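Notes for the structure review
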Amino acid sequence: MEIYGLAILTGVFLLGEIIGYSLGKLLNVGDVGGVGFAMLFLVLLTNTRYWNDKVSEKTKTGVKFVGAIYVPIIVAMVLQSNIIGAFRGGLVAFLAGGLAVFVLLLLTPFLSRFAKIEK
Amino acid sequence: MWLIDIFKELVTKNGLVWSFLIVGLIYYISTYVNKYIFREKSNTFTIAMIIAMIISAIAGLYTGKSKGLADVKLFAGVGLLGGAMLRDYAIVATAYGAKIEEIKKGGLMAVISLLIGVVGSYIIGVIIAILFGITDVKDIATIGAGACTFIVGPVTGESIGASSEAIALSVAAGVVKAVLAMILIPLLGNALKINNPQSAMVLGGLIGTTSGTVAGLTALNPALVPYGAMTATFYTGLGCLLAPSVLFLITRAIL
């Protein structure tokens, strides 16, 4: 059933968040990569033979459905972003945040070249 | 008029469901804008995002608050659809179909890029703060932290006791970063050869701001989203860990 897909997703999501928040508690900060861990668990789970052979198509549809509605969710997220706040911060905020994106974006091809050597 | 009153009551009561219609409409309009104005040279999502930014800016001007359209009572449901709960749940789901081998290949470099991303953003923020004549080292460090993400900034500022002005600036810097990431990643992505899982993982580590990275990658190439998102979600935690401790102490020792 489709709901199983949603339920499994909630399972890995909570498991990842538990790890993220526990790590955060240990280091005295909020959440350290809870969503990242959850994604890793989902990848590990869905790459098993059990998932491929035994799990029904309908259950998989449940997971795919959430993956598909994530695009409108991102649009809704942008709809509530603080665009005015970005301008209100003035030049200091604009340069600090803007250059941080721009400079590091330019670094991406150099670092990803090393990633390829790793294999 | 009674019909308008009923309508208002219904959409505030059914906020989340109503927001499906709003986002659906924006998406529908975007396909036509893409088809007839941009002659399919752009993509629907990018245009939907730009329209959403414009609406959010207008709403922000109208309400004077920080949550864009979600602060307008009639459209509060958008806050539910685009809020952290559904966003994180759906980002996890995008990992469906990602390949273990690809993640392994990019793993080490993703960790390194996370460190470079946090430290690099911090240094850039600190330099800008100094250039603009800010002298208090706590305020300087807070703005540096704000250049990481809009969460790292206030967390750092509050833990080291920076001024409220500096904390507000750090939030603004983080928001600028998220918005510019949404715009710059699709714009420069092809030129910077962000076209495979490993480069997306590196990008996620370098830029870090989850909302900006995910929205930017969706516009560039949705297949890369899981890889970029996976590293980006570690960034804020790492920033909250490093900025108020190691990075602040080093900054104070130097200045």
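Residues numbered from 1 in each chain as written. Chains lettered and ligands numbered in written order. Predicted model: local features only at pLDDT ≥ 70, side-chain atom pairs only at ≥ 80, totals over all residues. Heavy atoms only, no water.

Now for the confidence of the model for chain B. With 100% of its residues at a pLDDT of 70 or more, chain B has an overall mean of 91. Across the interface, the model reports ipTM at 0.88; the global pTM reads 0.83. (pLDDT = per-residue confidence, 0-100.)

Where nonpolar side chains cluster on the molecular surface, the patch consists of A:Leu91, A:Phe94, A:Leu95, A:Leu99, A:Phe102, A:Val103, A:Leu106, B:Ile123, B:Ile127, B:Leu131 and B:Phe132 and spans about 940 Å² of accessible area. Looking at the nonpolar patch, the elements with two or more residues in it are helix H7 (90-118) of chain A together with helix H6 (100-131) of chain B. Judged by its relative accessible area of 67%, B:Leu131 is exposed. (Patch = residues over 30% accessible without salt bridge, like charges linked within 9 Å, V, L, I, M, F, W, Y side chains within 5 Å. Areas by Shrake-Rupley, 256 points an atom, 1.4 Å probe, with all protein chains shown as cover. Salt bridge = Lys/Arg side-chain N within 4 Å of Asp/Glu carboxyl O. Helix = DSSP H or I, 4+ residues; strand = E, 2+ residues; numbered from the N terminus. Buried < 20%, exposed > 50% of the residue type's maximum accessible area, 1.4 Å probe, protein only.)

Enumeration according to the criterion identifies seven aromatic pairs over all chains in this entry. Each member of the aromatic cluster is reached from another via a ring pair, and the members are B:Phe7, B:Trp18 and B:Phe75. (Phe/Tyr/Trp six-rings, centres within 6.5 Å; stacked < 30°, edge-to-face > 60°.)

Now for the pattern of salt bridges. Applying the stated criterion across every chain yields a total of four salt bridges over all chains. The salt bridge partner of A:Lys60 is A:Glu57, with a shortest N-O separation of 3.8 Å. Note that A:Lys60 and A:Glu57 are positioned in helix H4 (residues 57-68) at a spacing of three residues, about one turn of the helix. With a shortest N-O distance of 3.1 Å, B:Asp88 and B:Arg87 are connected by a salt bridge.

The next subject is helix H8 (residues 152-160) of chain B. Every α-helix winds through 3.6 residues per turn, so residues three or four apart in the chain are directed the same way. Every buried residue belonging to H8(B) is among B:Val152, B:Gly153, B:Pro154, B:Thr156, B:Gly157 and B:Ile160, and all of these are buried. Tucked into the core, H8(B) has its buried residues touching helix H7 (137-146), helix H9 (164-188) and helix H12 (225-254) of chain B. (Contact = heavy atoms within 4.5 Å.)

Another point: the interface of chain A and chain B. Each partner contributes residues to the interface: chain A has 72 residues there, and chain B has 89 residues. Approximately 7100 Å² of surface area, both sides summed, lies buried where chain A meets chain B, with 83% of it carried by carbon and sulfur atoms. In terms of surface lost to chain B, no three residues of chain A exceed A:Met39, A:Leu79 and A:Gln80, which account for 11% of the buried area on that side. At the surface where chain A touches chain B, the tally comes to zero salt bridges. The tally of links from chain A across to chain B stands at 11 residue pairs in polar contact (both at pLDDT 80 or more). Elements with a minimum of two residues in the side of chain A that touches chain B: helix H1 (2-27), helix H2 (34-46), H4, helix H5 (70-79), helix H6 (83-88) and H7 of chain A. Counting residues per element, the side of chain A that touches chain B draws most heavily on H7(A), which supplies 25 residues. The class makeup of the residues in the side of chain A that touches chain B is 50 nonpolar, 15 polar and seven charged. (Buried area = accessible area lost by both parts, 1.4 Å probe. Polar contact = N/O pair within 3.5 Å; in protein donor to acceptor, adjacent residues only side chain to side chain. Nonpolar A, V, L, I, M, F, W, Y, C, P; charged D, E, K, R; others polar.)

Here we come to the packing of H1(A) against H4(A). Geometry of a packed helix pair, given as the angle between the helix axes and the separation of the axes. All names here are of chain A. Direction vectors running N to C along H1 and H4 enclose 55 degrees, while the axes themselves pass 6 Å from each other. For the element pair H1 / H4, the angle class is oblique. Both H1 and H4 take part in a crossing whose hand is right-handed. Here H1 contributes Glu2, Tyr4, Gly5, Leu6, Ile8 and Leu9 to the contact with H4, which in turn contributes Lys58, Thr59, Thr61, Gly62, Val63 and Val66. Of the residues belonging to the contact of H1 with H4, the class tally is six nonpolar, four polar and two charged. (Axes fitted to C-alpha atoms, helices over the stretch in contact; angles between N-to-C directions. Parallel < 35°, antiparallel > 145°, perpendicular 65-115°, else oblique. Left-handed = near helix turned anticlockwise from the far one by under 90°.)

Attention now goes to the side chain of B:Ser56. Looking at the secondary structure, you find B:Ser56 in helix H3 (residues 44-63). A relative accessible area of 1% means that B:Ser56 is categorised as buried. With residues near it in sequence (within four places) discarded, B:Ser56 still touches A:Val78, A:Leu79, A:Gln80, A:Ser81, A:Ile83, B:Gly68 and B:Leu69.

This part covers the domain arrangement of chain B. Residues and elements named next belong to chain B. Assigned domains within chain B: domain 1 (2-82) and domain 2 (100-254). Distance between the C-alpha centres of domain 1 and domain 2: 28 Å. Contact residues are listed per partner, giving five residues for domain 1 and six residues for domain 2. For the pair domain 1 and domain 2, the summed buried surface comes to about 440 Å²; carbon and sulfur atoms form 81% of the total. The largest contributions to the domain 1 side of the interface with domain 2 come from Phe45, Met49 and Met53, which together make up 80% of the buried area. Where domain 1 touches domain 2, the interface holds zero salt bridges. Our count for the contact surface shared by domain 1 and domain 2 stands at zero residue pairs in polar contact (both at pLDDT 80 or more). (Domains from an automatic or database assignment.)

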